[in-house]
Amino acid sequence: MCATDVVSSLLTVLFAAAAVHALRRRVLPRSPGRRRRVDGVLHTVMAVAMAAMLWGGEAMVPARVQVVFFVGAALWFPVSALSRRHGTRLSEAARNAPSAVGMAAMAWMARPMASPGHDTLAAAHAGHPMGEQATHGAGTGVLVLCLLAYALRSLTRDMPGLRRSADDPPACSTKELYGHFWEGATHLGTVVMLLMHP
């Protein structure tokens, strides 16, 4: 087994566990609310699609359908936050930004497959790849930096709470710690997928 297969296997386990986590936390509870349930379904679909992409399973769904779906999913998070009737729209949009960027990363990875010049070697001989490669590299770089920042924030945001004394009240619940871990781990997995993707 080569190193790529090992990484793919580890990422498959990560995304399968992330899909189960999203189902258990946001979809299966009896009254999570409509928005929360939709969020959970989108996160579950994203995690399953990531795992399938590692083994070529993305070919089962047309690439353009994937792009349209994940662009719509990326727009869902800020739009649903801004449609709130209360005064916390901007903070809610900021809180949903990592999910929107993750969905945008999925659309970005499916985008080359949806274009006519899908084969990068064939495109290179066609004489117009340099601009496309520069655009692809810049887009990937922006997504990687954003997701890395979100991953570090999710994984380290509760560290001061872990250093508290036994008498202090807990900074956050175990459920929140668990949720932050899965958010950060999924963002890191998406970063690796972006870097592996041609």
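Caption draft 1: Seen up close, the environment of threonine 186. Looking at where threonine 186 falls in the secondary structure, it is placed in helix H8 (residues 174-196). Judged by its relative accessible area of 17%, threonine 186 falls in the buried class. For the pair threonine 186 and alanine 47, spaced 139 residues apart in sequence, the C-alpha to C-alpha distance is 8.2 Å. In this structure threonine 186 touches Phe15 and Ala18, once residues within four positions along its chain are discounted. A polar side-chain atom of threonine 186 sits 2.7 Å from the main-chain carbonyl oxygen of tryptophan 182.

Caption draft 2: Expanded view of the packing of aromatic side chains. Counting across every chain of the model gives two aromatic pairs. Relative to phenylalanine 70, the ring of phenylalanine 69 lies with its centre 5.0 Å away and its plane at 85°, an arrangement referred to as edge-to-face. Given the relative accessible area of 36%, phenylalanine 69 is considered partly exposed. Their ring planes at 70° and their centres at 5.2 Å tell us that phenylalanine 181 and tryptophan 182 sit as a pair that is edge-to-face. When the ring centre of tryptophan 108 is taken as origin, the NZ or CZ atom of arginine 111, which lies over that ring, is 3.9 Å away.

Caption draft 3: A look at the nonpolar core. The biggest cluster of nonpolar side chains holds 32 residues, and the ones touching the most others in it are Phe15, Met50, Met103, Met106, Met109, Met193 and Leu194. The element contributing the most residues to this core is helix H4 (residues 89-114), with eight residues. Discounting chain neighbours no more than four positions away, the residues touching methionine 193 are Leu11, Phe15, Met50, Met53, Leu54 and Met109.

Caption draft 4: Broad picture of the side chain of threonine 190. Along the chain, threonine 190 turns up in helix H8. Of the residues examined, threonine 190 reaches a relative accessible area of 1% and is grouped as buried. Among the polar contacts listed, one links the side chain of threonine 190 to the backbone oxygen of threonine 186, at a separation of 2.8 Å. Every residue in contact with threonine 190, bar those within four places of it in the chain, is listed here: Phe15, Met46, Met50, Ala105 and Leu147.

Caption draft 5: Examining the side chain of serine 154 more closely. Counting through the fold element by element, serine 154 comes out in helix H6 (residues 129-156). Apart from the residues lying within four places of it in its own chain, the contact partners of serine 154 are His180, Glu183, Gly184 and His187.

Caption draft 6: A look at a nonpolar patch on the surface. A contiguous nonpolar surface patch, about 310 Å² in accessible area, is contributed by Leu148, Leu155, Phe181 and Leu188. Broken down by secondary-structure element, the contributors of at least two residues to the nonpolar patch are H6 and H8. The topology assignment puts phenylalanine 181 in helix H8.

Caption draft 7: Examining the packing of helix H1 (residues 3-27) against helix H2 (residues 34-54) more closely. The N-to-C vectors of H1 and H2 enclose an angle of 165°; their axes lie 8 Å apart at closest approach. In terms of axis orientation, H1 runs roughly antiparallel to H2. In this structure, H1 meets H2 at a crossing whose hand is left-handed. Of the residues in H2, those touching H1 at Ser8, Leu11, Thr12, Phe15, Ala18, Ala19, Ala22, Leu23, Arg25, Arg26 and Val27 are Arg36, Arg37, Asp39, Gly40, Val41, His43, Thr44, Ala47, Val48, Met50, Ala51 and Leu54. Of the residues contributing to the contact of H1 with H2, the split by class is 13 nonpolar, five polar and five charged.

Basis of the calculations
Residues numbered from 1 in each chain as written. Predicted model: local features only at pLDDT ≥ 70, side-chain atom pairs only at ≥ 80, totals over all residues. Heavy atoms only, no water. Helix = DSSP H or I, 4+ residues; strand = E, 2+ residues; numbered from the N terminus. Buried < 20%, exposed > 50% of the residue type's maximum accessible area, 1.4 Å probe, protein only. Contact = heavy atoms within 4.5 Å. Polar contact = N/O pair within 3.5 Å; in protein donor to acceptor, adjacent residues only side chain to side chain. Phe/Tyr/Trp six-rings, centres within 6.5 Å; stacked < 30°, edge-to-face > 60°. Lys NZ or Arg CZ within 6 Å of the ring centre and 35° of its normal. Core = buried A, V, L, I, M, F, W, Y, C linked by side-chain atoms within 4.5 Å. Patch = residues over 30% accessible without salt bridge, like charges linked within 9 Å, V, L, I, M, F, W, Y side chains within 5 Å. Areas by Shrake-Rupley, 256 points an atom, 1.4 Å probe, with all protein chains shown as cover. Salt bridge = Lys/Arg side-chain N within 4 Å of Asp/Glu carboxyl O. Axes fitted to C-alpha atoms, helices over the stretch in contact; angles between N-to-C directions. Parallel < 35°, antiparallel > 145°, perpendicular 65-115°, else oblique. Left-handed = near helix turned anticlockwise from the far one by under 90°. Nonpolar A, V, L, I, M, F, W, Y, C, P; charged D, E, K, R; others polar.

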